[in-house]
Amino acid sequence: MSWQDKLKDTRKGLRTLNGAIPEVTQAFGGLGKAVKQGGVLDFKTKEFVALGIAVTGRCEDCIGLHIEALIKADASRDEIADVLAMAIQMGGGPAMMYAAKAMTCYDELTT
């Protein structure tokens, strides 16, 4: 399955979840908005942190969403690779497998 298809499936699942528990998903969305708009770090840096957590947390759907956001924020392949290296250092072998998925996602979505 392509990363574009995975992103479509992820969004479809989130819409389904939103229909079932709208108060919870809206509150979570509000938290995300508040975190990304405020503070000292810029949006791109915050997305780099989120990508590292997604890789070490082994969340493939999260990887796709954060890679997509980083592409929109003009993150370079080298920047993504540097974040993935740090995630591997913190997460070991399992993180390396998900870092490979993240790099594949970036390459697919940027070509």
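Procedures and definitions
Residues numbered from 1 in each chain as written. Predicted model: local features only at pLDDT ≥ 70, side-chain atom pairs only at ≥ 80, totals over all residues. Heavy atoms only, no water. Helix = DSSP H or I, 4+ residues; strand = E, 2+ residues; numbered from the N terminus. Buried < 20%, exposed > 50% of the residue type's maximum accessible area, 1.4 Å probe, protein only. Axes fitted to C-alpha atoms, helices over the stretch in contact; angles between N-to-C directions. Parallel < 35°, antiparallel > 145°, perpendicular 65-115°, else oblique. Contact = heavy atoms within 4.5 Å. Nonpolar A, V, L, I, M, F, W, Y, C, P; charged D, E, K, R; others polar. 1 Å grid on protein atoms, 1.4 Å probe; cavity = no way out; pocket = protein on both sides within 12 Å on 5 of 7 lines; lining within 4 Å. Points joined across faces, edges and corners; volume = space filled by probe spheres on them. UniProt positions renumbered as here; feature names shortened; annotations may be inferred.

Relative to the assigned elements, G57 resides in the loop between helix 3 (43-56) and helix 4 (60-72). On the accessibility criterion, G57 (54% relative accessible area) is exposed. Measuring from C-alpha to C-alpha, the distance between G57 and A75 comes to 21 Å, with 18 residues separating the pair along the chain.

Another aspect to go through is the packing of helix 1 (residues 3-20) against helix 4. Orientation of helix 1 relative to helix 4, taken along the N-to-C sense of each, is 110°, at an axis distance of 10 Å. As judged from the angle between their axes, helix 1 and helix 4 are roughly perpendicular. Of the residues in helix 4, those in contact with W3, K6, L7, T10, R11 and L14 of helix 1 are E60, D61, I63, G64, L65 and E68. By residue class, the composition of the contact of helix 1 with helix 4 is five nonpolar, two polar and five charged.

The next subject is the layout of surface pockets. By volume, the largest pocket amounts to about 980 Å³. Lining the largest pocket are 28 residues, with F28, G32, K36, L65 and H66 positioned closest to its centre. Elements that contribute at least two residues to the lining of the largest pocket include exactly helix 1, helix 2 (22-37), helix 3 and helix 4. Element by element, the count of residues in the lining of the largest pocket is highest for helix 2, at eight residues. For the lining of the largest pocket, the residue count by class is 16 nonpolar, six polar and six charged.

Moving on: the UniProt feature "domain: Carboxymuconolactone decarboxylase-like" (unreviewed entry) in the protein. Under the present numbering, the feature "domain: Carboxymuconolactone decarboxylase-like" (unreviewed entry) in UniProt falls on residues 22-103. Helix makes up 85% of residues 22-103 and strand 0%, whereas the separation of the span's terminal C-alpha atoms amounts to 33 Å.

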